[in-house]
Amino acid sequence: MPVEYDLLIKGGRIYDGSGMPSYLGDVGVRGGKIVELGRLNGKARQVINVDGLAVSPGFIDFHTHLDAQLLWDPLATSSCWHGVTTVIPGNCGLALAPARPQDRQGILQSFVRVEAMPMSALKEGVPWDWTTYPEYLRKLDQRLGVNVAPLMGHCAVRQYVMGEDACARAATADEIERMKDLVREGVRAGARGFSTNQNPVHMREDGRPIPSRLATEEEILALASVLGELNCGSVQISQGSLGVSNETEKSIGFFNRLAQESGRPVIWQSIAHRWDQPDLWRTHLKMAESALAEGIPSYPLCNARLFNNRFTLKNAQVFDDLPTWKQMMFIPFEQRAQLFRNPEVRAKLRFEGLEDKRSSRFSRRWDLVYFIKAANAEHQYLERKSVAEIARLRKQDVIDAFLDLSLEEGLEAQFQTSSTNGDEVAVAEILRSPFTLVGQSDAGAHLIYDAGYGYATRFLGYWIRERNVMSVEEGVRKLTFMVASIFGLHDRGLVRPGMAADLVVFDPETVCDSEPEMVTDLPAGEKRLVQKAQGVKTTVVNGQVLTEDGQHTGAFPGRVLGNMSMGL
Ligand SMILES: [Zn+2]
């Protein structure tokens with residue numbers, strides 16, 4: 001019998017990405033593509049029996065900062081452990097190309113400050129043997145485990161044309177034309193679009209604003225118009241202004257205008273619940289909904305994770321909106337501990353941290369502040385409990401329980417809480433909306449503070465299995481076909497004959513993200529958090545098995561995905 005398939009995945013439950021009901025069946029793969037579905041008995045070079053587990057398109061992580069990491073880690077760990085088969089770097093205006101030798105330092109300084117990556121790791125890990133965007137893509141394409149569909153970053157483009165002036169002033173008409181040429185060249189070579197960032201807090205390590213912050217609306221519209229002219233690519237934009245309610249309308253209005261004038265999809269950042277303005281997300285969601293109802297392809301992104309802050313009373317920023325609490329963080333430890341014992345100070349802390357009604361990013365919800373790590377063994381039995389629970393056990397009020405426990409632990413007690421996305425009821429509604437893109441992993445960034453690689457496993461495990469926010473079919477659609485459609489990855493995101501064989505096999509009964517762990521595996525011996533997954537059995541990239549039970553098979557089947565509409 002002749003060999004019909006390179007790979008045959010037998011006995012799966014196929015969630016095909018369209019949102020249609022899942023069904024039992026086999027997937028036949030040949031030449032990197034899905035060739036047949038159904039009950040397949042042909043001969044195959046490799047057969048994987050999956051015994052009723054879910055088979056779906058590989059997940060597409062559209063919000064990553066893996067630009068540098070991919071150069072030393074072609075698997076894009078930890079993303080590849082969570083069923084991600086394609087990553088999109090180059091978000092938030094930050095990218096590593098184009099770059100002349102004199103631009104490199106400024107580019108790295110942006111990554112260091114905005115995305116919290118250590119300079120020593122970047123210096124050692126980024127080989128800089130490119131100048132132009134096409135050269136950078138060729139470099140990336142040399143060895144990849146996952147597929148990469150990068151965006152061009154506004155900061156690099158601006159710096160290339162304007163040098164250090166990019167951080168200081170608006171561009172001239174001539175400079176904008178030269179930036180347009182660079183975007184044209186990059187998109188023709190395979191960039192999937194363009195990203196920009198006007199977040200007012202985003203600075204370089206040297207304190208200068210990142211270049212894209214100096215761009216006028218006209219400049220942004222002009223650069224996005226290149227995508228319209230080429231009829232290809234998407235625009236990702238972050239302005240950091242959506243937390244300010246009176247700026248919301250202006251910002252979202254501009255995002256919509258960008259989509260309308262360029263004729264290309266816009267992905268804007270982001271819809272989240274905030275304790276200081278607990279209903280603002282509803283306004284954002286309504287505005288997104290009405291733009292899409294008018295046929296404007298302007299999509300908000302959202303996060304399946306809570307933004308957790310870990311802190312001790314030696315170093316806490318979560319209380320920065322509460323004056324007495326904030327003041328305490330600048331006092332030497334011993335004196336600070338004494339003040340925490342002082343009844344008058346404690347009364348002030350109680351008022352600000354519990355009773356005061358003034359707006360604060362800290363929720364004042366002590367049932368949402370968790371004790372995560374004890375310094376003293378005798379307190380270990382309290383780990384993972386909320387301060388509210390601990391207060392009940394200790395028969396104290398929450399402020400006394402929190403401060404006394406911290407004092408007994410020499411201020412080393414570790415807690416965790418979230419200022420954004422902390423209200424699960426709100427987050428469930430945001431995730432459930434058919435208009436939101438679920439992601440925002442920031443993979444490759446904020447390396448020692450946070451690990452968001454597992455947004456997909458968290459979405460499937462926590463929100464879908466445990467909280468039942470939607471069906472697995474609908475969840476898979478949001479993680480695959482919806483993303484592929486918006487980013488123009490038209491041969492991915494569905495399990496159908498003719499599509500690229502990017503697949504993930506997972507167990508819907510057990511899939512979830514694991515607790516992040518600190519490892520020392522970055523260039524220059526730097527540390528980062530990694531995150532494993534549970535319930536992800538196999539990932540397949542372009543028809544080749546990339547991981548089995550979280551282990552790399554040794555294959556490097558990934559590539560830089562060209563623009564299909566341009567015949568690349
Ligand atoms: Zn970002």
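For the structure itself, look to the data block above.
Since the structure is predicted, the reported quantities are computational estimates derived from the model, not experimental observations.

Undergrad: Account for the overall build of the chain, with residues named and values stated.
TA: When helices and strands are counted, the chain shows 18 helices and 25 strands. Whereas a compact globule of 568 residues would reach a radius of gyration of roughly 24 Å, the chain reaches 24 Å, a difference of no more than 12%. Each of the three principal axes of the chain carries a C-alpha extent, and together these read 80 × 60 × 50 Å. In the chain, once contacts between residues fewer than 6 apart in sequence are set aside, the share between residues at least 24 apart is 74%. With an accessible surface of roughly 22,100 Å², the chain has 48% of that area assigned to carbon and sulfur atoms. Each charge class in the chain was averaged separately, 63 positive and 71 negative side chains, and the resulting centres sit 1 Å apart.

Undergrad: Tell me about the nonpolar core, and name the residues and values.
TA: In terms of nonpolar packing, the biggest core is built from 113 residues, with L96 and W463 touching the most fellow members. Counting residues per element, this core draws most heavily on helix α7 (residues 217-230), which supplies eight residues. Those residues in contact with W463 that lie beyond four places of it in its chain are A304, L306, E424, V427, A428, L431, R458, N468 and V469. Core analysis: the second largest hydrophobic core is formed by 34 residues, M329, I331, F340 and L403 among them.

Undergrad: Please set out the state of the cysteines residue by residue, giving values where relevant.
TA: This structure, assessed with the given rule, holds zero disulfides. Cysteine C512 shares no disulfide, and the gap to the nearest cysteine sulfur, in C80, comes to 17 Å.

Undergrad: I'd like to hear about unusual backbone geometry, residue by residue, with values.
TA: In this structure, S78 follows T77 across a cis peptide bond, with omega equal to 10°. For S78, the location among the structural elements is in the loop between α1 (69-72) and β7 (84-87). A cis amide bond links Q269 with the next residue in sequence, S270, at an omega value of -5°. Not every positive phi belongs to a glycine, and D51 is a case in point at roughly 55°. Here D51 lies in the loop between β4 (43-49) and β5 (54-57).

Undergrad: Which residues make up the packing of aromatic side chains, and what values go with them?
TA: The final tally for this structure, using the stated rule, is 20 aromatic pairs. With a centroid separation of 6.2 Å and 55° between ring planes, the pair formed by F59 and F506 is classed as tilted. With F59 in strand β6 (residues 59-61) and F506 in strand β18 (residues 503-506), this pair connects stretches of sequence that are 447 residues apart. Accessibility expressed as a relative area gives 1% for F506, which makes it buried. Measuring from ring centre to ring centre gives 4.8 Å for W366 and F402, while their planes differ by 50°; the resulting arrangement is tilted. Placement of the pair is W366 in the loop between α12 (343-355) and β15 (370-373) and F402 in helix α14 (residues 398-408), with a sequence separation of 36 residues.

Undergrad: Pulling in residues and values, what's your account of the coordination of the zinc ion?
TA: For the zinc ion, the full set of protein donor atoms is H63 (NE2), H65 (NE2) and C92 (SG), and the range of their distances to it is 2.1 to 2.3 Å. The sequence motif formed by the donor residues of the zinc ion is H-x1-H-x26-C. Highlighted residues: H63 in the loop between β6 and α1 and C92 in the loop between β7 and α2 (104-114), separated in sequence by 29 residues. Residue H63 is classed as buried on the basis of its relative accessible area of 0%. Owing to a relative accessible area of 4%, C92 belongs among the buried residues under this scheme.

Undergrad: Can you lay out the sheet that holds strand β8 (residues 147-148) for me, pointing to particular residues and giving the numbers?
TA: Strands belonging to one sheet form pairs held by backbone hydrogen bonds; the direction of such a pair is parallel or antiparallel. Read across the sheet, three strands follow the order β6-β7-β8 without closing on themselves; strand pairing throughout is parallel. Both edges of this open sheet fall to β6 and β8, since each of them pairs with a single strand only. Alignment of β7 against β8, held across two bridges, turns out to be parallel. For T86, the partnering residue across the bridge sits in β8 and is N147.

Undergrad: Which residues make up the packing of helix α15 (residues 424-432) against helix α16 (residues 455-466), and what are the values?
TA: It is the contact of α15 with α16, at a shortest axis distance of 12 Å, that shows an interaxial angle of 115°. As judged from the angle between their axes, α15 and α16 are roughly perpendicular. In this structure, the crossing between α15 and α16 has a hand that is left-handed. Residue-level inspection shows E424, V427, A428 and L431 of α15 in contact with α16, the latter providing F459, Y462 and W463.

Undergrad: An account of the pattern of salt bridges is needed here, citing residue identities and associated values.
TA: Under the counting rule described, the total for this entry stands at 35 salt bridges. A salt bridge links D400 to R350; its shortest N-O distance comes to 3.0 Å. Placement of D400 in helix α14 and of R350 in helix α12 is noted, with a sequence separation of 50 residues between them. The burial state of D400 is the same as that of R350; both residues are buried.

Undergrad: Which residues make up the side chain of D103, and what values go with them?
TA: Along the chain, D103 turns up in the loop between β7 and α2. Among residues more than four places away in sequence, those in contact with D103 are Q159 and Y160.

Undergrad: Explain the environment of D521 to me, using residue names and the numbers behind them.
TA: The residue D521 is located in the loop between β20 (517-519) and β21 (528-530) in this model. Assessed through its relative accessible area of 39%, D521 is described here as partly exposed. Measuring from C-alpha to C-alpha, the distance between D521 and L489 comes to 32 Å, with 32 residues separating the pair along the chain. Contact partners of D521, with chain neighbours within four places excluded, come to E526 and R528. Engagement of the side chain of D521 in a polar contact is seen with the side chain of R528, the distance being 2.8 Å.

Undergrad: Got a sec to walk through a nonpolar patch on the surface? Specific residues and values, please.
TA: Residues I448, Y449 and M518 make up a contiguous nonpolar surface patch of about 330 Å² in total accessible area. Summarising the element assignment, I448 is placed in the loop between β17 (437-439) and α16. A relative accessible area of 42% means that I448 is categorised as partly exposed.

Thresholds, definitions, all that
One numbering rule holds for all chains: residues counted from 1, following each sequence as written. In view of the model being predicted, local features appear only for residues whose pLDDT reaches at least 70, and side-chain atom pairs are presented and counted only at 80 or more, with totals across whole chains, interfaces and linings using the full set of residues. Side-chain numbers come from the whole structure's heavy atoms, not from hydrogens or water. Only runs of H or I of at least four residues qualify as helices and only runs of E of at least two qualify as strands under DSSP, and these elements are numbered from the N terminus. Atoms counted for the radius of gyration: C-alpha only. Globule rule: 2.2 Å times the number of residues to the power 0.38. Residue contacts follow a heavy-atom distance rule, with two residues in contact if any of their heavy atoms lie within 4.5 Å. Using a 1.4 Å probe, the Shrake-Rupley method yields the accessible areas, and only the shown protein chains count as cover for residues. A positive count includes Lys and Arg, and a negative count includes Asp and Glu. His and the chain ends are not counted in either. To locate a charge, the coordinates of NZ of Lys, CZ of Arg, CG of Asp or CD of Glu are taken. Side-chain atoms within 4.5 Å link the members of a nonpolar core, which is a set of buried Ala, Val, Leu, Ile, Met, Phe, Trp, Tyr and Cys residues. Relative accessibility thresholds used throughout: buried, under 20% of the residue-type maximum; exposed, over 50%; partly exposed, between the two (1.4 Å probe, protein chains only). Two cysteine sulfurs form a disulfide in these notes if their separation is within 2.5 Å. Planes of paired rings set the category: under 30 degrees apart is stacked, over 60 is edge-to-face and the rest tilted, where pairs are Phe, Tyr or Trp rings (Trp by its six-membered ring) whose centres lie within 6.5 Å. Sites may look incomplete, because water is not among the atoms used; the donor set itself consists of N, O and S atoms within 2.8 Å of the metal (3.2 Å for Na, K and Ca). By this definition, two strands are paired if DSSP reports at least two bridges between them. Structural elements are reduced to axes, namely lines fitted to C-alpha atoms, with helices fitted over the stretch in contact, and the angle between N-to-C directions of any two is expressed from 0 to 180 degrees. Angles below 35 degrees are treated as roughly parallel, those above 145 as roughly antiparallel, those between 65 and 115 as roughly perpendicular, and all remaining angles as oblique. Crossing handedness is read from the near helix: turned anticlockwise from the far helix by less than a right angle, it gives a left-handed crossing, and turned clockwise, a right-handed one. Salt bridge, as used here: a side-chain nitrogen of Lys or Arg that lies within 4 Å of a carboxyl oxygen of Asp or Glu. Any N or O atom pair separated by 3.5 Å or less is treated as a polar contact, with the protein-specific requirement of one donor-capable and one acceptor-capable atom, and with residues adjacent in sequence counted only for side-chain atom pairs. Candidates for patches are residues over 30% relative accessible area with no salt bridge; among them, like charges are joined within 9 Å and nonpolar side chains (Val, Leu, Ile, Met, Phe, Trp, Tyr) within 5 Å.

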